[in-house]
Amino acid sequence: MSESEAGLPKPRLHIGLTGGIASGKSTVAAELAALGAIVVDADALSRAVVEPGSEGLDRVREALGPTAIAADGSMDRAAVGKLVFADPEARKLLNGIIHPLVRAEGRRLVAEAGPDAVVVQDVPLLVETGQADAYDLVLVVEADPAERVARMVRDRGMSEDDARARIAAQATDEQRRAAADVLIVNDAGLEDLRRTTRRVWEQYVAPKLT
């Protein structure tokens, strides 16, 4: 059984999946899961580590103040999102709390998957946080920025300015391409994206399972 640098068991294939907001990354992750991968979703973990009563939420309150907490005691994600995307120092504080907690929980889930598993870690900020070298294979999903803005306005109720600010706060397409082993371009609809994902599985993943 191979082991990671932390001494934890490694899966047979450890894949990092990333892409800008509204690029179609979630569709790719779902297709990989349908093909048999275990998907570890960093966004889901980032919510879990700041649930009410958690150490993470207490630290967010201390760092960002009471306006970061909603009336029901949960983190006010909308308020925090507006704050950190407008204030780089606040974003740095928040990331310094959440990223280590998410990484620790991600490592635990990867170790639990076992040595025969294909594990996909869905990490929106994989490039920004310098994690590309942690994976056997890095998949990057890319879509036209104008289309991403349109999706965020249509599907997430954002204003165009907010959508553009979210894109600007993340890595550029060029930076993601530089980290990619495989680039998946989402420019022809959902079914084409799923087909492309299946081709990537057949070419890069299936041979590792024989």
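In the block above lies the structure referred to throughout.
Because the structure is predicted, anything quoted here is derived from the model rather than measured.

Burial runs high along strand β4 (residues 137–142): 6 of the 6 residues are buried. Residues of β4 alternate between two faces, with L137, L139 and V141 on one and V138, V140 and E142 on the opposite face, all of them buried. Note: strand β1 (residues 13–19) against β4, 5 bridges, orientation parallel. Paired with L17 across the strands is L139, a residue of β4. Taken together, the 4 bridges between β4 and strand β5 (residues 182–185) define a ladder with parallel strand orientation. Within β5, the position partnered with L139 by the bridge is V182.

Looking now at the environment of R77. Note that R77 resides in helix α4 (residues 77–86). Sequence separation of R77 and R47 is 30 residues, and the distance between their C-alpha atoms is 9.2 Å. If we ignore the near neighbours within four places in the chain, the residues touching R77 are S46 and R47.

So, about the packing of helix α6 (residues 145–156) against helix α7 (residues 160–168). At a closest axis distance of 9 Å, the pairing of α6 and α7 adopts a crossing angle of 125°. Here α6 is positioned oblique relative to α7, judged by the angle of their axes. Here the hand of the crossing between α6 and α7 comes out right-handed. Only E160, A163, R164 and I167 of α7 make contact with α6, whose side of the interface consists of P145, R148, V149, M152 and V153. Looking at the contact of α6 with α7 residue by residue, the class counts come to 6 nonpolar, no polar and 3 charged.

So, on to the packing of helix α3 (residues 55–64) against helix α5 (residues 88–113). Between α3 and α5, whose axes approach to 10 Å, the crossing angle comes to 170°. With respect to α5, the axis of α3 lies roughly antiparallel. Residues G56, R59, V60, A63 and L64 of α3 form the contact with α5, whose participating residues are A90, L93, L94, G96, I97 and L101. Considering only residue class, the contact of α3 with α5 consists of 8 nonpolar, 2 polar and 1 charged.

Moving on, we get to the sheet that holds β4. Taken in spatial order, the 5 strands of this open sheet run β2-β3-β1-β4-β5, and their pairing is parallel. Each edge of the open sheet is held by one strand with a lone partner, namely β2 (38–41) and β5. When strand polarity is set aside, the average angle formed by the axes of neighbouring strands in this sheet is 20°. Where β1 lies against strand β3 (residues 118–122), 5 bridges are found, and the strand directions are parallel. Its bridge partner lying in β3, H14 is registered against V119. This element, α5, spans β1, β2 and β3 of the sheet and lies at about 165° to β3. Across the face of the sheet, helix α9 (residues 190–205) comes into contact with β1, β3, β4 and β5 while running at roughly 165° to β5.

The full count for this structure, using the stated rule, is 18 salt bridges. Among the salt bridges present, the one from D58 reaches R61, with a minimum N-O distance of 3.1 Å. Taken together, the residues D58 and R61, both in helix α3 and 3 residues apart, mark about one turn of the helix. With relative accessibility at 36%, the residue D58 sits in the partly exposed group. Its salt-bridge partner being R198, residue E191 comes within 3.3 Å of it at the nearest N-O pair. With relative accessibility at 38%, the residue E191 sits in the partly exposed group. The class for R198 is partly exposed, based on a relative accessible area of 28%. Within the structure, one salt-bridge network assembled from shared partners comprises E31, E191, R194 and R198.

Thresholds applied
Residues numbered from 1 in each chain as written. Predicted model: local features only at pLDDT ≥ 70, side-chain atom pairs only at ≥ 80, totals over all residues. Heavy atoms only, no water. Buried < 20%, exposed > 50% of the residue type's maximum accessible area, 1.4 Å probe, protein only. Helix = DSSP H or I, 4+ residues; strand = E, 2+ residues; numbered from the N terminus. Pairing = 2+ DSSP bridges. Contact = heavy atoms within 4.5 Å. Axes fitted to C-alpha atoms, helices over the stretch in contact; angles between N-to-C directions. Parallel < 35°, antiparallel > 145°, perpendicular 65-115°, else oblique. Left-handed = near helix turned anticlockwise from the far one by under 90°. Nonpolar A, V, L, I, M, F, W, Y, C, P; charged D, E, K, R; others polar. Salt bridge = Lys/Arg side-chain N within 4 Å of Asp/Glu carboxyl O.

It is worth stressing that arrangement in space is one thing and function is another; only the former is reported here.
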